[in-house]
Amino acid sequence: MASTLPLPRVSFRCVSPTTRAWCTSRPRLTPPYFETLARFVRDEYKQYQCYPKGSEIFAAFSYVPPEKVRVVILGQDPYHGPGQAHGLCFSVRDGTGHPPSLINIFKEIERDTGSPYPQSGNLQRWADQGVLLLNATLTVRARQAGSHQKKGWERFTDAVIRRLSETQEGLVFLLWGGFAKKKSGLIDVDRHHILTSGHPSPLSANRGLWFGNGHFSKTNDILTREGKPPVQW
């Protein structure tokens, strides 16, 4: 992760202690291909409407430093509709309608933990508690799901997952759906915990692959055994 990307309105600057921790972490997240990726993202944002806005591309890293991560939730790419994506996977801004996958996430939390369905779909409250909400691809062209896949983002976010696996202990990785499950090979299962299930999208949930997984109470049980505070979902 470069400390400053040469992209107009699409830059990540290590201006806070939290983002600086990711910039200076070891192993360094500054692969040679990153400049090629940066040029691609710059050109896309100049030619098309893309999400999230440039200042929020790296938002997932702005709320929790690497040493404070307790849980990792992996998404695929940002929401591609207007006013939804803001840099945290599955999350939407305050006042924005809840997309179907997020609705099913909240329904499962309600079923699993008894917590009432929340009004806001903004998951910053999770990030503030050490939940890294990471999309495998950090940008997308408007109304074109998957349009920025296989351009370099996956190599970058794979490096993030691998680095966390190598340098931290006792993390809980929540891998939902086939795409996320493929990332399990990046995680040392002797050092960390992996919970898998179907994706919360209606396509998967309506086939019985999401509801009932109990991931939110299971995560908190694991954290408690690790001597860490539970997440207030």
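Residue numbers here run from 1 along each chain, matching the order of that chain's written sequence. In keeping with the predicted nature of the model, local features appear solely for residues at pLDDT of at least 70, side-chain atom pairs appear and are counted solely at 80 or more, and the whole-chain, interface and lining totals rest on all residues. Heavy atoms from the whole structure form the basis of all side-chain values; hydrogens and water molecules are not counted.

A. Seen up close, the overall build of the protein chain. Working definition: helices are DSSP H or I runs of at least four residues, strands are E runs of at least two. Numbering for both runs from the N terminus. A tally of regular secondary structure across the protein chain gives eight helices and six strands. Along the chain direction, N to C, the helices and strands of the protein chain fall in the order α-α-β-β-α-α-β-β-α-β-α-β-α-α. Between buried and exposed lies partly exposed: a residue is buried under 20% and exposed over 50% of the maximum accessible area for its type, with that area taken using a 1.4 Å probe on protein chains only. Residues counted as buried form 55% of the 233 residues belonging to the protein chain. Carbon and sulfur atoms form 49% of the exposed surface of the protein chain, whose accessible area is close to 10400 Å². To be clear on the numbers: accessible area is Shrake-Rupley with a 1.4 Å probe, and residue cover counts the displayed protein chains and nothing else.

B. Molecular detail of the packing of helix H3 (residues 100–113) against helix H8 (residues 215–225). Fitting a line to C-alpha atoms yields each axis, with helices limited to the stretch in contact; the angle taken between N-to-C directions then spans 0 to 180 degrees. It is at 7 Å that the axes of H3 and H8 come closest, and there the two elements cross at 60 degrees. In terms of orientation, H3 and H8 fall into the oblique class. Here H3 contributes Ile-105, Glu-108, Ile-109, Asp-112 and Thr-113 to the contact with H8, which in turn contributes His-215, Phe-216 and Ser-217. For the contact of H3 with H8, the class distribution of residues is three nonpolar, three polar and two charged. Here the word oblique covers every angle except those under 35 degrees (roughly parallel), over 145 (roughly antiparallel) and from 65 to 115 (roughly perpendicular). Only heavy atoms enter the contact rule, under which two residues are in contact if any of them lie within 4.5 Å. Note that Gly is not counted as nonpolar here; it falls among the polar residues with everything else outside the nonpolar set of Ala, Val, Leu, Ile, Met, Phe, Trp, Tyr, Cys and Pro and the charged set of Asp, Glu, Lys and Arg.

C. Representation of the sheet that holds strand S5 (residues 172–176) within the structure. Taken together, the four strands give an open sheet; going across it, the order is S3-S2-S5-S6, and neighbouring strands pair in parallel fashion. Only two strands of the sheet have a single neighbouring strand rather than two, namely strand S3 (131–135) and strand S6 (193–197). Here the strands of the sheet are splayed against their neighbours by 20 degrees on average, with no regard to which way each runs. Any two strands are treated as partners once DSSP identifies two or more bridges connecting them. Judged from the four bridges that link them, strand S2 (residues 71–75) and S5 form a sheet pairing that is parallel. Paired with Val-72 across the bridge in S5 is Phe-173.

D. Just the confidence of the model for the protein chain, in detail. The quantity called pLDDT is the predictor's confidence in a given residue, expressed from 0 to 100. Averaged over every residue, the pLDDT of the protein chain is 90; residues scoring 70 or more account for 87%. Counted against residues more than four places away or in other chains, residues 1–12, with its pLDDT under 50, gives 43 contacts.

E. Up close: H8. Among all positions in H8, only His-215, Phe-216, Thr-219, Asn-220, Ile-222 and Leu-223 are buried. Looking straight down H8, one finds that the buried residues subtend no more than 160 degrees of arc, so they occupy a single side. Summarising the geometry of H8, the exposed residues directed more than 90 degrees from the buried face are Thr-224 and Arg-225. As for H8, its buried residues are in contact with S2, H3, helix H4 (124–127), S5 and S6. The first or second residue beyond H8 is Gly-227, which carries a positive phi of 80 degrees. Throughout, the arc means the angular range of directions from the helix axis out to the C-beta atoms.

F. How the structure looks around the environment of Arg-191. By the element assignment, Arg-191 lies in the loop between helix H6 (177–181) and S6. The class of Arg-191 is partly exposed, set by a relative accessible area of 26%. Considering only alpha carbons, one finds Arg-191 and Glu-169, 22 residues apart in sequence, at a separation of 5.5 Å. Apart from residues no more than four positions distant in its own chain, Arg-191 is found in contact with Ser-165, Glu-166, Thr-167, Gln-168, Glu-169, Gly-170 and Leu-171.

G. Structural view of unusual backbone geometry. Along the chain, Tyr-51 connects to Pro-52 via a cis peptide bond; the corresponding omega equals -5 degrees. Among the secondary structure elements, Pro-52 is positioned in the loop between strand S1 (50–51) and S2. Of note in the backbone geometry, Arg-143 takes a positive phi value of approximately 65 degrees without being a glycine. When you line up the elements, Arg-143 lands in the loop between strand S4 (140–141) and helix H5 (153–167).

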